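Inside the fold
Take a look at the letters that make up each chain.
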Amino acid sequence: MNQSFGKEYKLCRRKLIDGVFKTGKVIKQYPFVVHFLEVDEKLEAPFQVTISAPKRNFRKAHDRNRIKRLMRETIRFNKMILEDKISKSQKNIIMFMVYTSREEIPFTTLMKKNELLFEQIIKNIE
RNA sequence: AAGGCAAACUAGUUUAUCGCCGUCUCGAUUUAUCGGGAGGGAGGAAAGUCUGGGCAGUAUAGAGCACCGUACUUCUUAACGGGAAGGUCUCGAUUUAUCGGGAACAGAAAGUGCCGCAGAAAGGAAAACUACCCUGAACUUGUUGAAGGGAAAAGGUGAAAAGGCGAGGUAAGAGCUCACCGUGCUUGUGGUGACACAAGUUGCAAGGUAAACCUUACGGACUGAAAGACCAUGUAAACCAAGGCUUGAGGGUUGCUCGCCCAAUCUUGGAGGGUAGGUCGAUAGAGCCCAUGAGCGAUUGUGGGCCUAGAUAAAUGAUAAACGCUUUAAAGUAAUUUAGAGAACAGAACCCGGCUUAUGGUUUGCCUUUUUU
């Protein structure tokens, strides 16, 4: 089982990010808010995601790094949920994830929340 | 034992599983990817962006004014507003001469401004409220004290009242005179110097404030890695129209003035193309460690060794276990055992030198307080 989660999963093309916000859908699963969109373009990875921890909630750079690392770890563990679905269809998914809580939440609960979130995305696409 | 100050060190360790970002290397082929291996991967402040440089671009023909910064001395350094050593003033402690702090520590005899309240008077060679002295008026002849003058010694106000204190002197007083002290000036000696010490003086006739303007001395081009260079893409300093031509439009030269340089490269409008990617800059440096020489020290000479993060919506993480540390509770005379909890401040973004701020722990030195012997 390939659990790697490298550079190719990063969404950093400005046009795609603008597209996610203009035409994508929104799902809230506290503490996450995700904007996502199905695209026909061929990407380097099955899905691409941008992770964001707002400066408004975490003033210190050290805290923002901590939150983003935890989020990346949860996505890495749960990515098979999305990849199974995507491998059946020909489309790719791009996402913009925002962490909305003002405090750090334990890793185990973040895992469950993230799992729920990805299942909701799949239902929504279907 | 607790608290405070200063200095130094440290910033949990190991293993397993799954991952992240570079570097080197091997193999495979579809020549651009895949797979394997080796090795590296945040800090003492990476922070604040307060300073000094390097580096890069623009410009180099300068001068004056303006503006900004610094301000005891000597040294140190690439440089500094940093650091070292020292001087002066000042605060605290006592062991009275030492120790430990602090200082926006140049100039008030160039000029201007300001000094609230209180007080008679607050800067003008000023000022007389009480009380003092002299002259002197009135009458009740020992009282009241008009008026004029003297006087800064006493009281009172104030942060500050015009050198301090004592003696002489005087109507009462006054540096008016004298001794001592303080302070200014001159000379000499010592010191690289800031200054110190000594002697003299027919100076004391006059405050503070420059963290008010100001004066003096010294220094200062501007911008900032989103700098900048190259590659890729695009006909793009391209195209169309109008105005403007050597009798000088316009541009550059720090903000202004003068001066200087370039000189039709210009101005306005219209229509319209494309990028927002990559490589370098960018990690071998005023570098770090060790030894040794010079110096009180900051620092520096010489020799040897080492290579030590380079990301770019931004890498160093997650989970589990063990050990170590701190702490709480229980058991025990004690060593200790068991169980629980905790581990700070904080994330490189071109690179260095400093400063400042945040912060867990350990050690050493000094000081204070309390308890026991």
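Since this is a predicted model, take the numbers as computed values, not measurements.

Procedures and definitions
Residues numbered from 1 in each chain as written. Chains lettered and ligands numbered in written order. Predicted model: local features only at pLDDT ≥ 70, side-chain atom pairs only at ≥ 80, totals over all residues. Heavy atoms only, no water. Axes fitted to C-alpha atoms, helices over the stretch in contact; angles between N-to-C directions. Helix = DSSP H or I, 4+ residues; strand = E, 2+ residues; numbered from the N terminus. Parallel < 35°, antiparallel > 145°, perpendicular 65-115°, else oblique. Left-handed = near helix turned anticlockwise from the far one by under 90°. Contact = heavy atoms within 4.5 Å. Near = heavy atom within 4 Å. Polar contact = N/O pair within 3.5 Å; in protein donor to acceptor, adjacent residues only side chain to side chain. Nonpolar A, V, L, I, M, F, W, Y, C, P; charged D, E, K, R; others polar. pLDDT = per-residue confidence, 0-100. Pairing = 2+ DSSP bridges. Buried < 20%, exposed > 50% of the residue type's maximum accessible area, 1.4 Å probe, protein only. Phe/Tyr/Trp six-rings, centres within 6.5 Å; stacked < 30°, edge-to-face > 60°. Lys NZ or Arg CZ within 6 Å of the ring centre and 35° of its normal.

Considerations on the packing of helix H2 (residues 61-88) against helix H3 (residues 107-125)
Interaxial distance between H2 and H3 falls to 9 Å at its minimum, and their mutual angle equals 30°. Here H3 runs roughly parallel to H2, going by the angle between their axes. Between H2 and H3 lies a crossing of right-handed hand. Two secondary-structure elements touch here, H2 through Leu70, Glu73, Thr74, Ile75, Phe77, Asn78, Lys79, Ile81, Leu82 and Lys85 and H3 through Phe107, Leu110, Met111, Asn114, Glu115, Phe118, Ile121, Ile122 and Ile125.

Here we look at the protein's contact with RNA strand B
Around RNA strand B there are 18 residues in total, and Gln3, Lys7, Lys60, Arg66 and Arg76 lie nearest to it. Between Asn65 and RNA strand B, the recorded distance is 3.4 Å, taken from a side-chain N or O atom to a base nitrogen. One nitrogen or oxygen atom from the side chain of Arg69 is found 2.9 Å from a phosphate oxygen belonging to RNA strand B. With nine residues, H2 is the largest single contributor of residues to the surface near RNA strand B. Partitioning the surface near RNA strand B into residue classes produces five nonpolar, five polar and eight charged.

Looking at the confidence of the model for chain A
On average, residues of chain A score 79 in pLDDT, and 90% of them reach the 70 mark or higher. Taken together, the chains of this predicted complex give a pTM of 0.72 and an interface ipTM of 0.84.

Topic: the pairing of strand E1 (residues 25-29)
Both faces of the sheet carry side chains from a regular strand, because those side chains alternate between them. Pairing geometry for E1 and strand E2 (residues 32-39), over five bridges, is antiparallel. By the bridge assignment, Lys25 is partnered in E2 with Phe36.

What to know about the pairing of E2
For E2, the buried fraction is high: seven of the eight residues fall into the buried class. Taking the residues between adjacent antiparallel strands as the criterion, E1 and E2 are bridged by two residues. Looking at chain direction, E2 and strand E4 (residues 92-99) are connected through eight bridges and run antiparallel. Bridge assignment links Phe36 to a residue of E4, and that residue is Met95.

Quick look at the sheet that holds E2
Strand order in the open sheet made by the four strands is E1-E2-E4-E3, with mixed pairing throughout. Two strands close off the open sheet at either side, each with one partner strand: E1 and strand E3 (47-52). Neighbour to neighbour, the strand axes of the sheet diverge by 20° on average, direction disregarded. Here H2 sits on the sheet in contact with E2, E3 and E4, set at roughly 160° to E3.

Points about the packing of aromatic side chains
For the coordinates displayed, the defined rule picks out two aromatic pairs. Ring centres of Phe32 and Tyr99 lie 6.3 Å apart, and the angle between their planes is 75°; this geometry places the pair in the edge-to-face category. Placement of Phe32 in strand E2 and of Tyr99 in strand E4 is noted, with a sequence separation of 67 residues between them. Taken together, a centroid distance of 5.9 Å and an interplanar angle of 45° make the contact between Phe58 and Tyr99 tilted. Separated by 41 residues along the polypeptide, Phe58 in the loop between E3 and H2 and Tyr99 in strand E4 bring together distant segments of the chain. The pair Phe58 / Tyr99 is uniform in exposure class, with both members buried. Feature note: the residues Phe32, Phe58 and Tyr99 constitute an aromatic cluster, connected by ring pairs. For Arg76, the ring lying beneath its charged end belongs to Phe77, and the centroid distance is 5.0 Å.

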